[in-house]
Amino acid sequence: MGNIILTGDRPTGKLHIGHFVGSLQNRVKMQNEGNFDKMYVMIADSQALTDNFNNVKKVQDNIIEVALDYLSVGIDPNKVTLFLQSQVSELTEFNFYYLNLVTLARAKRNPTVKSEMKEKGYKDDVPLGFLCYPVSQTADITAFNANIVPVGEDQLPVIEQAREIVRTFNNLYGETLIEPIGVLPDKSTCKRLPGTDGIHKMSKSLGNCIYLSDSEQDIKKKVFSMYTDENHIKVSDPGKVEGNVVFSYLDAFCEDEHFKKYLPEYNNLDELKAHYRKGGLGDVKIKNFLNSILQEILLPIRTKRQELEKDKDKIMNILYNGSKQASLDAHKNLIRLKTAMGINYFNEI
Ligand code: TRP
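All values reported here derive from a predicted model rather than from experimental measurement. (Residues numbered from 1 in each chain as written. Predicted model: local features only at pLDDT ≥ 70, side-chain atom pairs only at ≥ 80, totals over all residues. Heavy atoms only, no water.)

**A short note on the nonpolar core**
Within soluble globular proteins, side chains that are nonpolar generally end up buried alongside one another. Heads up, the condition is: The term nonpolar core refers to a set of buried residues drawn from Ala, Val, Leu, Ile, Met, Phe, Trp, Tyr and Cys, joined through side-chain atoms within 4.5 Å. Each residue is placed in one exposure class: buried if its accessible area under a 1.4 Å probe, protein chains only, is under 20% of its type's maximum, exposed if it is over 50%, and partly exposed if it falls in between. It only takes one pair of heavy atoms within 4.5 Å for two residues to be counted as in contact.
Ranked by internal contacts, the top residues of the largest apolar core, which has 61 residues, are I17, Y249, L250, F253 and L272. With residues near it in sequence (within four places) discarded, L250 still touches L269, L272, F289, L290 and I293. Within the second largest apolar cluster, 42 residues are counted, among which are V126, Y133, A139 and L334.

Below, the structure is given as C-alpha cells:
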C-alpha cells in the first residue's frame with residue numbers, strides 16, 4: 001500500500017515563517033512530488049477549542065486565515081484533501097473508543113502536553129479535552145489510515161502516544177490500525193526557528209513573529225529590530241554567530257544564489273559567518289541581506305493571499321468539499337474499527 005499523509009494546524013492565529021520553514025514548505029514539496037496515495041491537510045479547529053472553548057470567535061476567525069495561508073503557499077486542493085476537523089464527526093467516534101486505551105497517568109506524562117500546560121498555567125484545572133488532545137489527534141491520524149505525519153519537533157511525543165494507542169488497539173482487537181511515523185523537515189536548522197527576539201519561540205502574544213501576510217514595511221521593521229550579538233558594538237568588533245537571530249534566520253532561508261543577487265562579495269553563508277566572526281562586518285549589512293531574502297520569499301505569497309482574500313466564499317467552498325470527502329473516507333475506516341471491536345451490530349458496510 002502507498003503512503004497516506006496527514007498534517008494539520010490549530011487555527012489560533014495567522015501562520016508565520018516558522019510554520020513556513022518548519023512544515024508548510026515541506027508539505028508543498030510532498031504534495032508536488034505526489035509520492036502518496038492520499039494526502040490530507042486538516043485545519044484542527046476542534047483541537048484549538050480544547051483551550052479556547054470560551055473564545056470560539058478566535059478559532060472561527062482564524063479558520064479562514066489559516067486556509068488563506070495554506071493556499072497562498074501553494075497547498076493545492078486538487079491534489080490534497082483540505083478539510084475542517086469539526087465538520088468530520090466520525091473523528092469524535094474514534095476518539096471516544098481510544099480514550100479507554102489511555103490512563104490518566106499516561107495522559108499527564110506526555111512531554112508536549114506537559115510543557116503546553118505549563119505555558120498556559122494549567123494544573124488540575126486543565127480541561128480534559130486539552131489533556132487528552134493527543135488521543136483525539138490519534139483519531140485524526142488513524143481515521144484516514146495515515147502512516148506519515150509531517151510535524152514539528154515539538155509534536156513527536158504526540159505521535160509517540162498515537163503509536164502506543166495503535167499498538168494497544170491492535171493487541172486488543174486484532175491488527176487494524178497502522179502505526180504512524182512523524183516526519184521532521186530536512187534542514188536541521190529549520191526545525192525550530194526562534195522568534196525575532198531570539199529568546200522565545202514564535203508566539204503571537206509575544207509579538208515576535210513574522211507572518212506570511214506581513215507587509216513589506218512590517219517585515220523590514222521586524223528584521224531591523226532583531227537581536228544580534230550584544231558585544232558586537234562597533235563594526236570592527238568580532239561577532240558571535242551562534243545564538244544570533246539574524247544568522248539563525250539566514251541558516252533557514254539563505255541559498256547560495258541569494259549571495260549572487262544581494263551580496264556578491266561573498267559566495268556563501270560560511271564566508272559571511274567567517275567575516276562576522278573575525279570582525280569588520282556590520283549588523284546593518286546582514287540585516288539588509290536577510291530583509292532582501294525574506295522580501296523575495298514572501299512577496300509572491302502575500303500577493304497570492306491578497307488575491308484569494310477577495311473571494312472568501314470560494315475558500316469556504318473548498319473547505320466544505322474537502323470536509324465532505326474526508327467524512328466519507330473516515331466513515332469507511334470507522335466501520336472497519338467498529339467491526340474489529342465487535343460493535344458493528346447492524347453489519348454496516
Ligand atoms: N497538534 C497539531 C498542532 O499543534 C495540530 C494537529 C491536530 C495535527 N491533529 C493533527 C497535526 C494530526 C498532525 C496530525 O499544530
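**Quick word on the packing of helix α3 (residues 56-73) against helix α15 (residues 312-341)**
Where we set the bar: Working convention: axes come from line fits to C-alpha atoms, limited for helices to the stretch in contact. Angles between N-to-C directions cover 0 to 180 degrees. Each helix is a run of H or I in the DSSP string that is no shorter than four residues. Each strand is a run of E no shorter than two, and both are numbered from the N terminus. An angle counts as roughly parallel when it lies under 35 degrees, as roughly antiparallel when it exceeds 145, as roughly perpendicular when it falls between 65 and 115, and as oblique in every other case. Throughout this entry, Asp, Glu, Lys and Arg are counted as charged residues, while Ala, Val, Leu, Ile, Met, Phe, Trp, Tyr, Cys and Pro are counted as nonpolar. The remaining residues, Gly among them, count as polar.
Interaxial distance between α3 and α15 falls to 10 Å at its minimum, and their mutual angle equals 85°. Between α3 and α15, the crossing angle belongs to the class labelled roughly perpendicular. Contact with α3, carried on its side by I63, I64, A67, L68 and L71, involves K312, I315, M316, I318 and L319 of α15 and no other residues of that element. Considering only residue class, the contact of α3 with α15 consists of 9 nonpolar, no polar and 1 charged.

**Let's talk about the site of the ligand**
Put simply, the rule is: Put simply, a residue is near a molecule or strand once any heavy atom of it comes within 4 Å of that molecule or strand. Think of a polar contact as two N or O atoms within 3.5 Å of one another; within protein, one of them needs to be a possible hydrogen donor and the other a possible acceptor, and neighboring residues in sequence only count if both atoms come from side chains. Only the protein chains shown count as cover for residues, and all accessible areas are computed by the Shrake-Rupley method using a 1.4 Å probe.
Around the ligand sit L6, T7, G8, D9, R10, M42, A44, Q47, Q137, D140, V149 and Q155, and those are all the residues in its vicinity. At 3.3 Å, a side-chain N or O of R10 approaches an oxygen atom of the ligand. Here a nitrogen atom of the ligand and a side-chain polar atom of Q155 are 3.0 Å apart. In the complex, 90% of the free accessible area of the ligand, which totals 370 Å², lies under the protein chains. Taken together, the elements giving at least two residues each to the shell around the ligand come down to β1 (4-9) and α8 (133-142).

**Looking at the environment of I159**
Tracing the backbone through its elements, the reader meets I159 in helix α9 (residues 156-173). Excluding residues that lie within four positions of it along the chain, I159 makes contacts with I141, V149, V151, P180, I181 and G182.

**Observations regarding the packing of aromatic side chains**
As a reminder of what qualifies: Centres within 6.5 Å are what make two rings of Phe, Tyr or Trp a pair, Trp counting through its six-membered ring; a difference in plane orientation under 30 degrees is then read as stacked, over 60 as edge-to-face, and the rest as tilted. Counting as a charge over the ring demands two things of the Lys NZ or Arg CZ atom: a distance within 6 Å of the ring centre and an angle within 35 degrees of the ring normal.
A complete count under the given rule lists 12 aromatic pairs for this structure. Taking the centre distance of 5.2 Å and the plane angle of 50° together, the rings of F83 and F144 count as tilted. A residue pair is termed long-range when its members are at least 10 positions apart, and F83 in strand β3 (residues 81-84) and F144 in the loop between α8 and β4 (148-150) qualify at 61 residues. Judged by its relative accessible area of 2%, F144 is buried. If you follow R10 out to its NZ or CZ, it ends over the ring of Y133, 4.5 Å from the centre.

**Quick notes on the pattern of salt bridges**
Where we set the bar: We define a salt bridge as a side-chain nitrogen of Lys or Arg found within 4 Å of a carboxyl oxygen belonging to Asp or Glu.
Under the defined criterion, the tally for this structure stands at 22 salt bridges. The partner of K29 in a salt bridge is E33, with the nearest N and O atoms 4.0 Å apart. Linking K29 with E33, this pair stays in helix α1 (residues 17-33), spanning 4 residues, or about one helical turn. We classify E33 as exposed; its relative accessible area is 54%. We note a salt bridge from K261 to E296, for which the minimum N-O separation is 3.1 Å.

**Some thoughts on the side chain of R305**
Structurally, the position occupied by R305 is in helix α14 (residues 283-309). Side-chain polar atoms of R305 contact the side chain of D69, separated by 2.8 Å. Discounting residues that sit within four places of it in the chain, R305 has contacts with K14, E65, L68, D69, S72 and S213.

**Re a negative patch on the surface**
What counts here: Only residues whose relative accessible area exceeds 30% and that form no salt bridge are eligible for patches; like-charged ones are grouped when within 9 Å, while nonpolar side chains (Val, Leu, Ile, Met, Phe, Trp, Tyr) are grouped when within 5 Å. Note on charges: Lys and Arg go in the positive column, Asp and Glu in the negative column, and His and the chain ends are not counted at all. Charge placement uses NZ in Lys and CZ in Arg. For Asp and Glu, CG and CD serve respectively.
A surface patch of like charges, here negative, comprises E255, D256, E257, D270 and E271. Listed by contribution, the elements that provide at least two residues to the negative patch are α12 (256-262) and α13 (269-278). By the secondary structure assignment, D256 is in helix α12.

**Thoughts on helix α4 (residues 90-98)**
Along an α-helix, residues three or four apart share an orientation, since each turn contains 3.6 residues. The cut-off we apply is this: Read the arc as the range of directions from the helix axis to the C-beta atoms.
Of all the residues in α4, the buried ones are E90, L91, F94, N95, Y97 and Y98. End-on view of α4: buried residues confined to an arc of 165°, all on one side of the axis. Turned more than 90 degrees off the buried face of α4, the exposed positions are T92 and F96. Check the buried side of α4 and you find it contacts β3, α8, α9 and α15.

**Things to note about the environment of P238**
On the secondary structure map, P238 appears in the loop between α10 (216-224) and α11 (245-253). Judged by its relative accessible area of 53%, P238 is exposed. It is 8.3 Å that separates the C-alpha atoms of P238 and L281, two residues lying 43 residues apart in sequence. The contacts of P238, once residues within four sequence positions are left out, are D229, H232, Y276, R277, K278 and G279.

From the geometry alone we can't say anything about function, so treat these as descriptive.
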